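# Structural characterization, general
Chain by chain, the residues run as shown.
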Amino acid sequence: MVSVAEAASVVFSNLFQPATTSVSLTDAVNKVLAERITADRDFPPFDRVAMDGIAIRRDAWKMGQRTFPLEAVQAAGEPRKTLKGKTNAIEVMTGAPMPAGTDVVIRYEDLRIEDATAHVTSEMAADNAFIHRQAVDAEKDSVLLEPGILLSSAEIALLASVGKSRVKVYVFPKAAIISTGDELVHIDDIPLPHQIRRSNTYALQAAMKTLGWEGAIHHLKDDKASMIEGLKKIAQTAEVLILSGGVSKGKFDFVPDALEALGVKKLFHQVSQRPGKPFWFGVSGAGLTVFALPGNPVSTYMCFYRYIRPWVMKSLKTSTDLLYAVLAADFSFAPSLTYFLQVTVKNENGKLMAYPDAGGGSGDFANLKNVTGFLELPATASVFKAGETFPYIPFRQ
Ligand SMILES: Nc1nc2c(c(=O)[nH]1)N[C@H]1C(S)=C(S)[C@@H](COP(=O)(O)OP(=O)(O)OC[C@H]3O[C@@H](n4cnc5c(N)ncnc54)[C@H](O)[C@@H]3O)O[C@H]1N2
Ligand code: MOO
Ligand SMILES: [Mg+2]
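Going by an unreviewed UniProt entry, the protein chain carries the name Molybdopterin molybdenumtransferase and comes from Chryseolinea soli. Among the UniProt annotations of the protein chain, the heading Catalytic activity (unreviewed entry) holds the following wording: "adenylyl-molybdopterin + molybdate = Mo-molybdopterin + AMP + H(+)". Of the protein chain, the UniProt comment under Cofactor (unreviewed entry) reads exactly: "Mg(2+)".

Now the structure itself:
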């Protein structure tokens, strides 16, 4: 049996080598950038007028001049104009190039215009130049974005500004989601009294979808020979297998044997955690990564968020932030296992406060609808006090 830290370290040292693809900028949000983006021009590309008003020469202001004849209007989108009379002004609009020969903008709020002449009404009007200087934000050819960035709306704006209508992004590995268990029936079927509908595969597929990752759903029976055959077939088109069930000590828990028969090498089986203790992880020489998760639905769910989600994000060269939350009430858990406590986290004055709602065990997946994530309580303690801080693994906002 390995610890949670050991299991995570094994999983994260077996990352997947992602392929890349090109997507339209309009489809790029939430994808991971796979190319370096440099500035094709200075940011901003010219001295940009930052306030609507008039542009003058500071020298004229310094000489005491407060009245400026208006000789032209410089609109945004017009080529840069030049001030002809040294004691004149040009009316300028935000976003326009600063006219040649001018070096300070006086806002309309600080002047009055009469007979095509601006009369400045504030002695402080020239304190600020109101010019957004060429290249102050970024210089031409400087690096704006490195590969591995999860694209948010902020990066989309940058990509648009350098004319990237198509963007190179990393591709998620091809995944198969496989349920096992003879008690499980299709969701459209009416279960007999001893049967239940499959839910883990749908939960996994949905959790993957929130990351932008697709996965095809399969089901295998609790029969070793047919499981090996089924896995062989599925593995032909998949790079990652995510299984649920069949990994514990039962007479019909054939998943570890079937995987090894397929040539998948076990890297660990059993993690000192609750839920999710029977978790099995392995890789094959052919580049297949296999997460065989315990079947109890809360275990399946927790293992996805604690191991698989960070594994895939790290494989796509991006890592997700480690969050922490403050336990809001005392909690005890005696076994020397890492305990993933179900909690509802509330933001109270900027602090994430985690309210325990442990639920009825790893079979009680109905409780997941009441909580926002898991608080990771270390195996080294059994009493956890309100006010202590622990890693928090959210599965919803
Ligand atoms: N003697 C022992 N028995 C068990 C141990 C143990 O250490 N010694 N570990 C327990 C723990 S912890 C867990 S978790 C489960 C894991 O069992 P398996 O991975 O073998 O899963 P199954 O036996 O196939 O199923 C367990 C449970 O989950 C339900 N299940 C499975 N798949 C689905 C699905 N797709 N949708 C909904 N529900 C599913 C299944 O019906 C079972 O009720 O083993 C304990 N036993
Ligand atoms: O640890 Mo199991 O994963 O109780 O359900
Ligand atoms: Mg079992």
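### Let's talk about the sheet that holds strand S6 (residues 89-92)
The six strands are arranged S7-S4-S6-S5-S9-S8 in an open sheet whose pairing can be described as mixed. Each edge of the sheet is formed by a strand with only one pairing partner; in this case those strands are strand S7 (104-107) and strand S8 (111-114). Sheet twist, expressed as the average angle between the axes of neighbouring strands with direction ignored, equals 40°. Examined bridge by bridge, strand S5 (residues 67-74) and S6 share four bridges and lie parallel to one another. Note on S6: the bridge partner recorded for Val73 is Glu91.

### What to know about the site of ligand 2
Near ligand 2 the following residues occur: Pro275, Gly276, Lys277, Asn296, Ser299 and Ser362. Taking Gly276, its main chain carries an N or O atom lying 2.4 Å from an oxygen atom of ligand 2. In this structure, an oxygen atom belonging to ligand 2 sits 3.2 Å away from a side-chain N or O atom of Asn296. Residues belonging to the shell around ligand 2 are distributed by class as follows: one nonpolar, four polar and one charged.

Rules and cut-offs
Residues numbered from 1 in each chain as written. Chains lettered and ligands numbered in written order. Predicted model: local features only at pLDDT ≥ 70, side-chain atom pairs only at ≥ 80, totals over all residues. Heavy atoms only, no water. UniProt positions renumbered as here; feature names shortened; annotations may be inferred. Pairing = 2+ DSSP bridges. Helix = DSSP H or I, 4+ residues; strand = E, 2+ residues; numbered from the N terminus. Axes fitted to C-alpha atoms, helices over the stretch in contact; angles between N-to-C directions. Near = heavy atom within 4 Å. Polar contact = N/O pair within 3.5 Å; in protein donor to acceptor, adjacent residues only side chain to side chain. Nonpolar A, V, L, I, M, F, W, Y, C, P; charged D, E, K, R; others polar.

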